[in-house]
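# Per-entry structural report
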Amino acid sequence: MIVKKRQLPLMIQKLQSLLRRLPKNHPKIPYIEENLAKKMAGYRGEYSIDYPLSFLSSQNYFILHDLRLPHNDYFFQIDTLLISSRFIVILEVKNIAGKLFFDQEFHQLVRTLNGKEEVFPDPLLQVKRQETQLRAWLIKHKITEVPIKSFVVISNPNSQIMISPEHKYLRKTILHREALPIKITELDACHQHVMPDKQLKKIIRLLLKQHSEANSDVLEHFEIERHELLKGVQCVDCGLIPMERRHGSWFCPSGYCTCKTAHLDALRDYNCLINTTITNQQAREFLLLSSRNVVNRILRSISTHHEGNHKSTIYHLPSSD
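Throughout this description, residue numbers start from 1 for each chain and increase along the sequence as written. Local features in this predicted model are restricted to residues of pLDDT 70 or higher, and side-chain atom pairs are both shown and tallied only at a pLDDT of 80 or more, whereas totals for entire chains, interfaces and linings draw on every residue. Working from all heavy atoms in the structure, the side-chain values ignore hydrogens and water.

### Re unusual backbone geometry
The omega torsion across Ile241 and Pro242 is 0 degrees, close enough to zero to call that bond cis. Counting from the N terminus, the helices are DSSP H or I runs at least four residues long and the strands are E runs at least two residues long. Turning to its location among the elements, Pro242 is positioned in the loop between helix H7 (218-221) and strand S11 (244-246). Of note in the backbone geometry, Glu145 takes a positive phi value of approximately 60 degrees without being a glycine. With respect to the secondary-structure elements, Glu145 resides in the loop between helix H4 (123-140) and strand S8 (148-154). With relative accessibility at 68%, the residue Glu145 sits in the exposed group. For each residue, the accessible area found with a 1.4 Å probe, counting protein chains only, is set against the maximum for its type, and the residue is called buried under 20%, exposed over 50%, and partly exposed in between.

### Section: the environment of Ile2
Position of Ile2 among the secondary structure elements: in strand S1 (residues 2-4). Look at Ile2 and you get partly exposed, because its relative accessible area is 46%. Sequence-wise, Ile2 and His306 are 304 residues apart; in three dimensions their C-alpha atoms are separated by 33 Å. Any two residues whose heavy atoms approach within 4.5 Å at even a single point are treated as in contact. The contacts of Ile2, once residues within four sequence positions are left out, are Ile63 and His65.

### Some points on the packing of helix H8 (residues 263-273) against helix H9 (residues 280-287)
Whenever a helix is involved, its axis is fitted only over the stretch in contact; in every case the axis is a line through C-alpha atoms, and angles between N-to-C directions fall within 0 to 180 degrees. Here H8 crosses H9 at 115 degrees, and the two axes come no closer than 11 Å. The angle between the axes of H8 and H9 places the two elements in the roughly perpendicular class. Crossing angle aside, the handedness with which H8 passes H9 is right-handed. Contacts between H8 and H9 pair Ala266, Leu267 and Tyr270 from the former with Gln282, Phe286 and Leu287 from the latter. Three classes are used: nonpolar for Ala, Val, Leu, Ile, Met, Phe, Trp, Tyr, Cys and Pro, charged for Asp, Glu, Lys and Arg, and polar for all others, with Gly counted as polar. Here the residues of the contact of H8 with H9 are counted per class, giving 5 nonpolar, 1 polar and no charged. Throughout this description, any angle smaller than 35 degrees is read as roughly parallel, any larger than 145 degrees as roughly antiparallel, any in the 65 to 115 degree range as roughly perpendicular, and the remainder as oblique. For any helix crossing, the convention is left-handed if the near helix is rotated counterclockwise from the far helix by under a right angle, and right-handed if that rotation is clockwise.

### Overview of the environment of Ile314
With respect to the helices and strands, the residue Ile314 is situated in strand S16 (residues 314-316). Separated by 11 residues in the primary sequence, Ile314 and Ser303 have C-alpha atoms spaced 9.6 Å apart.

### As for helix H10 (residues 292-302)
Considered for burial, the residues of H10 that qualify are Val294, Val295, Ile298, Leu299 and Ile302. Projection of H10 onto a plane perpendicular to its axis shows the buried side chains occupying an angular sector of 125 degrees, all on one side. The exposed residues of H10 that point more than 90 degrees off its buried face are Asn293, Arg297 and Ser301. Those residues of H10 that are buried lie in contact with S11, H8, strand S14 (277-279), H9 and S16. Here the arc refers to the set of directions running from the helix axis out to each C-beta atom.

### What to know about the sheet that holds strand S7 (residues 116-121)
Paired strands, as defined in this entry, are two strands with at least two bridges between them according to DSSP. Judged by pairing direction, the sheet is mixed, and its 4 strands sit side by side in the order S7-S6-S5-S9 without closing on themselves. Among the strands making up the open sheet, the edge pair consists of S7 and strand S9 (160-162). Mean inter-strand twist for the sheet, computed between neighbouring axes without regard to direction, equals 25 degrees. Relative to S9, strand S5 (residues 99-103) runs parallel, the two sharing 3 bridges. Counted as the bridge partner of Phe101 is Met162 from S9.

These figures come from the coordinates and say nothing about function on their own.
Here it is in structure tokens:
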């Protein structure tokens, strides 16, 4: 049973919003596009393991995707966590093509693709660190004696996994995504300890309660000022900014597209890039509208709730999920 679904990461949504709001000749666009491409590849790799996991019994296994949990003064993230009454499994998913050599002398992953070598951080170190952090998190909540296993899952089916002979034991930890159901079934046969149902539910409840999605400032990360962002409503068809508001609809300057709800995407961009709350004046400036009443109707129709009265009213924008 999936108890925490996989969603498009907030950082990907922020990068997409940022690209929509920058002039086409902005010098940082190639760097932002590169970052977005890497994150999208990672997301697609994580998403691709959902199919092999679907072969597991929904009654015996509980799946939580994209967890971010507190540990001391920091947070740690887990791509996918699998929980049964017998054990917990951490899955670290890597969507990397080519020949993948897990170098354990220098703890790095060396990828060879089209005759070119590229070095990545060792995912084995990463997943073992997550295992240590999760165990400490469980102990902090007085949950002990729960076996934890961790795997590095290569989601690209055409990748070749390479391990030196002296480290052949890593075959038990590194696997292609198609082997997941078999590996989990083997684990189930090896573990006899059964966790009480009450404890199992406690773990799941705590994980959901303590999960906190990362929400970093993408403008600060790329050193972009707010005044560099394009204001106005973007055409949902051709991407031109700004559209014009006439008689309750948005009209594209090209003359080929009209839309009644194009402002929703613009306010989602504002939410992702600037703030989760907005005032009437801020909305008028961002949407390039002059009418306070029109903007007031727009904000009241979408806001989850608002605070204050009249000009001082602050509207809370809906999440970007």
